[in-house]
Amino acid sequence: MSEVLVIGATGTTGSRVTAFLRERGVPARPASRKADRPGFVRFDWTEPETYAPALSGARAVYVLPPIGVTEPAPLVEPFLHEAVRQGVRRAVLLGTSARPERTPGAVALYELVRTVMPEWAVLRPSWFMQNFTGQALALRLRDGELISATGAGRVAFVDAGDIAAVAGHALTDPEPHNTEHVITGPEALSYDDVAALLTELGAGPLRHRPVTEDELAAHFAAHGMPRDFAAMLAALDTDISLGTEDRVTDTVQRVTGRPPRSFRAFAAAELR
């Protein structure tokens, strides 16, 4: 059985996609920039010479776009063409549920995957539950408070394990999905709801402090994020305040055959 190349295999979704595949007996080839773990191959978006060796013999690829790059298409396009040249038929791209006009770079990637690859799927997950762990949570904290520009807007936060499960099926199901999957958790929550729930479960006390989009962008940039990327992320918070993420889909249930993990279950297991 040919292998599935997993780009970004040390990351939040890539590590889970690799585990999903291996648990089901599918050979997975994890790739990362350092490749300093057993079984890993080296891959770096900024070094095209790493593309062909990583792709050799693969039949499908999980594509994690370059992180922190607002216009990733110039890097991803030659990779996809190399993949097709080497006989890779299927690509599953990690995208975003954000509005197309806020993420034109991501939208360009969706079009590339649809037009270049014989078989494809684009994953468009809502915001990760894992954004409330470790360094991701620290980026949202200021003076011990959870900050956002979301106001009372709600988000159907989704667990990375559920995203990986949808990805795993899209990579291995006999019939290609050839579609965009909007992936959410089972309920939409405001940041006020999240702060209250984390406090209830012992991860607080924590309260949500609304800030302006400009304040949030400056906060992100002060923590080392490139300014254009910080501005884009802060703008997505404003979109949430307008209701763009206030939706729940059945994608996880429909594709995997099981319900998505709730935020309460996630927080109780991982944040206490």
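Quick note: structure is the one above.
The rules behind the values
- Residues numbered from 1 in each chain as written.
- Predicted model: local features only at pLDDT ≥ 70, side-chain atom pairs only at ≥ 80, totals over all residues.
- Heavy atoms only, no water.
- Helix = DSSP H or I, 4+ residues; strand = E, 2+ residues; numbered from the N terminus.
- Rg over C-alpha atoms; globule rule 2.2 N^0.38 Å.
- Buried < 20%, exposed > 50% of the residue type's maximum accessible area, 1.4 Å probe, protein only.
- Contact = heavy atoms within 4.5 Å.
- Areas by Shrake-Rupley, 256 points an atom, 1.4 Å probe, with all protein chains shown as cover.
- Lys, Arg positive; Asp, Glu negative; His and termini not counted.
- Charge placed at Lys NZ, Arg CZ, Asp CG, Glu CD.
- Axes fitted to C-alpha atoms, helices over the stretch in contact; angles between N-to-C directions.
- Parallel < 35°, antiparallel > 145°, perpendicular 65-115°, else oblique.
- Left-handed = near helix turned anticlockwise from the far one by under 90°.
- Nonpolar A, V, L, I, M, F, W, Y, C, P; charged D, E, K, R; others polar.
- Arc of directions from axis to C-beta.
- Core = buried A, V, L, I, M, F, W, Y, C linked by side-chain atoms within 4.5 Å.
- Pairing = 2+ DSSP bridges.
- Phe/Tyr/Trp six-rings, centres within 6.5 Å; stacked < 30°, edge-to-face > 60°.

### Side note on the overall build of the protein chain
For step 1, the next point in the chain: On a plain count of helices and strands, the protein chain comes out with eleven helices and twelve strands.
For step 2, the next point in the chain: A globule of 272 residues ought to have a C-alpha radius of gyration of about 19 Å, and the protein chain, at 19 Å, matches this closely.
For step 3, the next point in the chain: Counting only C-alpha atoms, the protein chain reaches 50 × 40 × 35 Å along its principal axes.
For step 4, the next point in the chain: Counting across all 272 residues of the protein chain, residues that qualify as buried make up 52%.
For step 5, the next point in the chain: Sequence-distant contacts in the protein chain: of pairs separated by 6 or more residues, those separated by 24 or more amount to 78%.
For step 6, the next point in the chain: Of the accessible surface of the protein chain, which amounts to about 11,800 Å², a share of 52% is contributed by carbon and sulfur atoms.
For step 7, the next point in the chain: Across the protein chain, the centroid of the 28 positively charged side chains sits 4 Å from that of the 33 negatively charged ones.

### Describing the packing of helix α7 (residues 191–200) against helix α11 (residues 263–270)
For step 1, the next point in the chain: Put simply, α7 and α11 touch, their axes get as near as 10 Å, and they point 40° apart. The angle between α7 and α11 falls in the class oblique. Every pair of crossing elements has a handedness; the one defined by α7 and α11 is right-handed. Residue-level contacts link Val-194, Leu-197, Leu-198 and Glu-200 of α7 to Phe-263, Arg-264 and Ala-267 of α11.
For step 2, the next point in the chain: For the contact of α7 with α11, the residue count by class is five nonpolar, no polar and two charged.

### Remarks on α11
For step 1, the next point in the chain: Turning to α11, its buried residues are Phe-263, Phe-266 and Ala-267. On an axial view of α11, the arc spanned by its buried residues comes to 95°, and they lie on one face.
For step 2, the next point in the chain: Elements that come into contact with the buried residues of α11 comprise β11 (189–190) and α7.

### Some points on the nonpolar core
For step 1, the next point in the chain: Core analysis: the biggest nonpolar cluster contains 56 residues, and Leu-5, Leu-21, Tyr-62, Phe-79 and Leu-123 have the highest contact counts within it.
For step 2, the next point in the chain: If one sorts the elements of this core by residue count, helix α6 (residues 160–172) sits on top with seven residues.

### Here we look at the sheet that holds strand β2 (residues 28–32)
For step 1, the next point in the chain: Sheet architecture is open: seven strands sit in the order β3-β2-β1-β4-β5-β6-β10, paired in parallel fashion. The strands lining the two open edges of the sheet, one partner per strand, are β3 (41–42) and β10 (179–183).
For step 2, the next point in the chain: Where α6 meets the sheet, it contacts β1 (3–7), β4 (58–63), β5 (90–94), β6 (119–125) and β10, and its direction lies at approximately 160° from that of β5.

### Some points on the packing of helix α8 (residues 213–222) against helix α9 (residues 227–241)
For step 1, the next point in the chain: Following both chains from N to C, one finds α8 and α9 inclined at 140°, their axes separated by 8 Å at the closest point. Overall, the two elements α8 and α9 adopt an arrangement that is oblique. By crossing handedness, the relation of α8 to α9 is classed as right-handed. Packed against α8, whose contacting residues are Glu-213, Leu-216, Ala-217, Phe-220 and Ala-221, the element α9 presents Arg-227, Ala-230, Ala-231, Leu-233, Ala-234, Ala-235, Asp-237 and Thr-238 at the interface.
For step 2, the next point in the chain: A per-class count over the contact of α8 with α9 returns nine nonpolar, one polar and three charged.

### Looking at the pairing of β5
For step 1, the next point in the chain: Of all five residues that make up β5, five are buried, and the element is covered over most of its length.
For step 2, the next point in the chain: Neither face of β5 is exposed, since Arg-90, Val-92 and Leu-94 on one face and Ala-91 and Leu-93 on the opposite face are all buried.
For step 3, the next point in the chain: As paired strands, β4 and β5 are joined by four bridges and run parallel to one another. Paired with Ala-60 across the strands is Arg-90, a residue of β5.

### Some remarks on the packing of aromatic side chains
For step 1, the next point in the chain: Taken as a whole, this structure holds twelve aromatic pairs when the rule is applied.
For step 2, the next point in the chain: Ring centres of Phe-43 and Tyr-51 lie 5.4 Å apart, and the angle between their planes is 25°; on these two criteria the pair is classed as stacked.
For step 3, the next point in the chain: Residue Phe-43 is classed as buried on the basis of its relative accessible area of 3%.
For step 4, the next point in the chain: In this structure Tyr-51 comes out as buried when scored by relative accessible area, which is 3%.
For step 5, the next point in the chain: The interplanar angle of 75° and the centroid separation of 6.1 Å between the aromatic rings of Trp-45 and Tyr-51 together place this pair among those described as edge-to-face. No difference in accessibility class separates Trp-45 from Tyr-51, as the two residues are buried.
For step 6, the next point in the chain: What links up through ring pairs into an aromatic cluster is the set Phe-132, Phe-157, Tyr-191, Phe-263 and Phe-266.

### Quick look at unusual backbone geometry
For step 1, the next point in the chain: You will see that Ala-35, though not glycine, has its phi angle at about 50°, which is positive.
For step 2, the next point in the chain: The residue Ala-35 is located in the loop between β2 and β3 in this model.

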